[in-house]
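# Fold and geometry: a report
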Amino acid sequence: YSSFHLIVMTTRNDDADDTRNAGIIWPSPPPADVAYFNNASSTALPPSVLAAGQRALHSQALPWDPPSHDSNQDQYQIRRLFAKLMNSPTDDGSDVAIVPSTAFAITMAAHNLHRTGRIRQNSKILLIQDQMPSAVYPWQEMCHLVEGLELLVVPYPESNEGGWTELLLERICDATQDISVVCLPQCHWADGSLIDLVKVSEACKCRDISLVVDATQSIGVMPFSVHEIDADAVACSVHKWLLAPHGCSLCYVNPRNHSTWLPLDQHDRARLCHQNPLWDAQMNKLKGGKMQDGAGYSEDFVTGARRLDAGGRPSPIIMPMLRVALEIVAGYDDLNEIQTKIAAINDQVSDGAIQMGFVTTPGPRSGHILGLRPGTDELKAKLIPEVMLEVCKRLQAKGIFLSVRCGAFRISPYINTTDDEVRQLLAGLAEECCGDERVKARFASGQTNSGKADRSGAGFCAMM
């Protein structure tokens, strides 16, 4: 993609055929000397998504040319496709808001739960240890605003049985704890450890606790159903498993909140009168006086979750790219099959890493994210966070991409990750972290128990 700027300046979309649905394939594989295990940070863009961005950028550069896409239709399809991914009971996307980030979405949810009396004084907000900051800072702000409000943080699980879910249910069902809100991911962003949100949702319902979900690390790569998970809001950034660029988050808002929740920022796009182009053309619309006497502009909102869209026009570059990306992801026949495919890759990595002295978080884990933490005394002494970051930089210089998150090397392959990439990753980790020369030599020679992982994703492309 290094020649992206050249392509944009030299490519015209004069062909009458719309290529939006052409070339719907998986992200292009990395070069042969690159092992990419950082999809939980950002996935590579599929070629058809990149092409949509090129067309949109061309339209922005030459605004007198006919637009390459219909912005309103893009937004409608984005809402509809995201609703499909969440198994929403509505098929028109009327319960989906478009906002710039997941932090924005959760802040909006926090302010509305506070404003509607769902956050009580001297109560608690339930979180898990080392949760993604975007899902923590909004509640810290609430603790400054609501008297006696505290954060209740669940520690990492030590049991291989119940994991996070068991610990969470203990807190939620504890009658001595007054919990106003539970805010959780479906899986931990650092190590993929899994939370059964269906069970959590049922427990929250029994105690009249509001549930907010950050599903950024799960929607698009594992099953998620708002029909089964009765959350007040579910937010998902689009640049990870939804195969889109940075700059947008989609937020499901439970229909029970549509008539009472307000947007975080006040703007015209949320108002009914502004949906008619004639409004902008008219004059003398602003009335003075007191609000109760009808001063100002008309305050009637549009219906559904659209009233909660962020202000400003959604990016004319991101929207067409996101639409194409969601068409790809929503075309997957079976996300459980995707999970199985990626889990098999991570199992190979885990098997090799355990031989080096790494451990994983106890309890159930998602298939697409693996956290490798130092397990032996030798590794614990050596791999302090600062050193892990240096190791990560050196591995990247060798073409091996991963992240360090919450004391773990975070490994996040995709379905086109190959057997060669797994071997390259394990050899790199052994070289950097392992003191046993025999172990280093074994991984350097590729003598692992890795199975086959087809980079092309053959068999999965047929699902689209």
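Keep in mind it's a predicted model, so treat the numbers as computed, not measured.

### A closer look at the overall build of the protein chain
Broken down by element type, the protein chain carries 14 helices and 13 strands. Summed over all atoms, the accessible surface of the protein chain reaches about 20,600 Å², with 52% contributed by carbon and sulfur.

### Section: the layout of surface pockets
Within this model, the largest pocket holds a volume of roughly 850 Å³. What lines the largest pocket is a set of 29 residues, and nearest its centre among them are Ser71, Asn72, Gln75, Arg269 and Arg313. Every element with two or more residues in the lining of the largest pocket is listed here: helix H2 (47–61) and helix H3 (71–85). In terms of residue count, the dominant contributor to the lining of the largest pocket is H3 (five residues).

### Brief notes about the sheet that holds strand E2 (residues 96–99)
Taken together, seven strands build an open sheet; the order of strands is E2-E8-E7-E6-E5-E3-E4 and the sheet is mixed. Both edges of this open sheet fall to E2 and strand E4 (150–154), since each of them pairs with a single strand only. In this sheet, adjacent strand axes meet at a mean angle of 20° when their direction is disregarded. Of the pairings in the sheet, the one linking strand E3 (residues 124–128) to strand E5 (residues 179–185) comprises three bridges and is parallel in character. When the sheet's bridge partners are listed, leucine 126 is paired in E5 with valine 182. Strand contacts of helix H5 (residues 137–145): E3, E4, E5 and strand E6 (210–214), with the helix running at about 145° to E4, the strand carrying the most contacts.

### As for the nonpolar core
Counting 67 residues, the largest nonpolar core has Val182, Ile219, Phe224, Val234 and Leu250 as the members making the most contacts within it. The element that contributes the greatest number of residues to this core is helix H9 (residues 318–330), accounting for ten residues. Apart from the residues lying within four places of it in its own chain, the contact partners of isoleucine 219 are Phe82, Leu85, Met86, Phe224, Val234, Cys236, Trp241 and Leu242.

### Here we look at the confidence of the model for the protein chain
The predicted model of the protein chain averages 89 in pLDDT, with 90% of residues at 70 or higher. Taken together, the stretch residues 1–24 has pLDDT below 50 and engages in 28 contacts with residues farther than four places along the chain or on a different chain. For the stretch residues 450–464, pLDDT sits under 50, and the model shows 43 contacts to residues farther than four places along the chain or on other chains.

### Overview of the packing of aromatic side chains
For the coordinates displayed, the defined rule picks out five aromatic pairs. When the ring of tryptophan 279 is compared with that of tyrosine 297, the centres are 5.0 Å apart and the planes differ by 75°; the resulting orientation is edge-to-face. Of this pair, tryptophan 279 sits in helix H8 (residues 278–281) while tyrosine 297 sits in the loop between H8 and H9, and the two are 18 residues apart along the sequence. Residue classification places tryptophan 279 among the buried residues on the basis of a relative accessible area of 15%. Classification of tyrosine 297 as partly exposed rests on a relative accessible area of 41%. Lysine 285 extends its terminal NZ or CZ atom over the ring of tryptophan 279, reaching a point 4.4 Å from the ring centre. One residue, arginine 307, lies across the ring of phenylalanine 301, its end atom 4.3 Å from the ring centre.

### Let's talk about the packing of H2 against H9
At a minimum axis distance of 8 Å, the contact between H2 and H9 shows a crossing angle of 160°. Classified by the interaxial angle, the pair formed by H2 and H9 is roughly antiparallel. The interaxial crossing formed by H2 with H9 has right-handed handedness. In contact with Ser48, Val49, Leu50, Ala52, Gly53 and Ala56 of H2, H9 contributes Pro320, Met321, Val324, Ala325 and Ile328. For the contact of H2 with H9, the residue count by class is nine nonpolar, two polar and no charged.

The rules behind the values
- Residues numbered from 1 in each chain as written.
- Predicted model: local features only at pLDDT ≥ 70, side-chain atom pairs only at ≥ 80, totals over all residues.
- Heavy atoms only, no water.
- Helix = DSSP H or I, 4+ residues; strand = E, 2+ residues; numbered from the N terminus.
- Areas by Shrake-Rupley, 256 points an atom, 1.4 Å probe, with all protein chains shown as cover.
- 1 Å grid on protein atoms, 1.4 Å probe; cavity = no way out; pocket = protein on both sides within 12 Å on 5 of 7 lines; lining within 4 Å.
- Points joined across faces, edges and corners; volume = space filled by probe spheres on them.
- Pairing = 2+ DSSP bridges.
- Axes fitted to C-alpha atoms, helices over the stretch in contact; angles between N-to-C directions.
- Contact = heavy atoms within 4.5 Å.
- Core = buried A, V, L, I, M, F, W, Y, C linked by side-chain atoms within 4.5 Å.
- Buried < 20%, exposed > 50% of the residue type's maximum accessible area, 1.4 Å probe, protein only.
- pLDDT = per-residue confidence, 0-100.
- Phe/Tyr/Trp six-rings, centres within 6.5 Å; stacked < 30°, edge-to-face > 60°.
- Lys NZ or Arg CZ within 6 Å of the ring centre and 35° of its normal.
- Parallel < 35°, antiparallel > 145°, perpendicular 65-115°, else oblique.
- Left-handed = near helix turned anticlockwise from the far one by under 90°.
- Nonpolar A, V, L, I, M, F, W, Y, C, P; charged D, E, K, R; others polar.

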